[in-house]
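Reading the structure
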Amino acid sequence: MTTVARLVLGGVLIVAGALKIGAPALSVEAVRAYQLLPDPVVKIVGYGLPALEIIVGVLLVIGLLTRPAAVIAGVLMIAFVVGISSVWARGLRIDCGCFGGAGTLGQGEDPHYFRELLRDFGLVLCASWIVMRPPGRFAMDSALGLAGTREPYLPGEEEGDER
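These numbers come from a predicted model, not from an experiment.

Focus: the pattern of salt bridges
- Taken as a whole, this structure holds 6 salt bridges when the rule is applied.
- Taking the shortest distance from any N to any O, the salt bridge between R32 and E29 comes out at 2.4 Å. With R32 and E29 both in helix α2 (residues 24-33) and 3 residues apart, this pair spans about one turn of that helix.
- Residue E29 is classed as partly exposed on the basis of its relative accessible area of 35%.
- A salt bridge links D39 to K43; its shortest N-O distance comes to 3.6 Å. Residue D39 and its partner K43 are both found in helix α3 (residues 39-62); the two are separated by 4 residues, about one turn of the helix.
- What emerges from the salt-bridge pattern is a single network uniting E29, R32, D39 and K43.

As for the state of the cysteines
- For the coordinates displayed, the defined rule picks out 1 disulfide.
- For C96, the disulfide goes to C98, at an S-S distance of 2.2 Å.
- On the basis of relative accessible area, C98 is assigned to the buried category, the value being 12%.
- Note on C126: no disulfide assigned, nearest cysteine sulfur contributed by C98 at a separation of 16 Å.

A look at unusual backbone geometry
- Backbone geometry at Q35 places phi at a positive 55°, although glycine is not the residue there.
- Positive phi values are uncommon outside glycine, yet L65 reaches one of about 55°.
- On the secondary structure map, L65 appears in the loop between α3 and α4 (66-89).
- We classify L65 as partly exposed; its relative accessible area is 46%.

Focus on the packing of helix α1 (residues 2-21) against α4
- Where α1 contacts α4, the two axes come as close as 11 Å, and the packing angle between them is 55°. Judged by the angle between their axes, α1 and α4 are oblique. Our pair here, α1 against α4, has a crossing hand that is left-handed. On the side of α1, the interface is formed by R6, L9 and L13, while α4 contributes T66, A73 and M77.
- Looking at the contact of α1 with α4, its residues break down into 4 nonpolar, 1 polar and 1 charged.

What to know about the packing of aromatic side chains
- Taken as a whole and assessed by the stated rule, the structure comprises 1 aromatic pair.
- Ring geometry for W88 versus Y113: centroids 5.8 Å apart, planes at 45°, classification tilted. Pair noted here: W88 is in helix α4 and Y113 is in helix α5 (residues 113-132), with a separation of 25 residues, a long-range link.

Observations regarding the nonpolar core
- In terms of nonpolar packing, the biggest core is built from 17 residues, with L9, L13, V56, L60, A73, M77 and I130 touching the most fellow members.
- Among the elements of the structure, α1, α3, α4 and α5 are those that each provide at least two residues to this core.
- For this core, the element with the most residues is α4, which contributes 6 residues.
- With near-sequence residues (within four places) excluded, A73 lies in contact with L9, L13, V56 and L60.
- Listed in part, the 11 residues of the second largest apolar core include I84, L92, C96 and Y113.

Conventions and cut-offs
- Residues numbered from 1 in each chain as written.
- Predicted model: local features only at pLDDT ≥ 70, side-chain atom pairs only at ≥ 80, totals over all residues.
- Heavy atoms only, no water.
- Salt bridge = Lys/Arg side-chain N within 4 Å of Asp/Glu carboxyl O.
- Helix = DSSP H or I, 4+ residues; strand = E, 2+ residues; numbered from the N terminus.
- Buried < 20%, exposed > 50% of the residue type's maximum accessible area, 1.4 Å probe, protein only.
- Disulfide = S-S within 2.5 Å.
- Axes fitted to C-alpha atoms, helices over the stretch in contact; angles between N-to-C directions.
- Parallel < 35°, antiparallel > 145°, perpendicular 65-115°, else oblique.
- Left-handed = near helix turned anticlockwise from the far one by under 90°.
- Contact = heavy atoms within 4.5 Å.
- Nonpolar A, V, L, I, M, F, W, Y, C, P; charged D, E, K, R; others polar.
- Phe/Tyr/Trp six-rings, centres within 6.5 Å; stacked < 30°, edge-to-face > 60°.
- Core = buried A, V, L, I, M, F, W, Y, C linked by side-chain atoms within 4.5 Å.

Here is the structure:
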């Protein structure tokens, strides 16, 4: 299950970053459309986000530094949830820019905020699962001995109990 969560979350991040990295000015415009950040920060986020998404996505797919990558991915997804929720609450009509574009909707196009929020909440759940579970046998962390070992959970045992 963790391998599936890693592949889904990592794959989505890689695709999202790859679709934006070739058009960084559009990525900046998409971030600007949210009207949440000052212009210098908009530019940093707009230019840096695609590379960050690709790097974190690749780390998740290969299972290297799995937990830190999942934490970063989870924080990104929560930021996206907050941003989309804010835009929706303020009545702005934008495209999330999640998979490219400048954040503008075409003529007669409606935003899909609810669907975007469901997707991002699902990805937050994937990130949470990855953080809480071992990375899986197909992860580089496991092959390199970086996964650590976990004691098996014994029913009735509370956290912190020493037996």
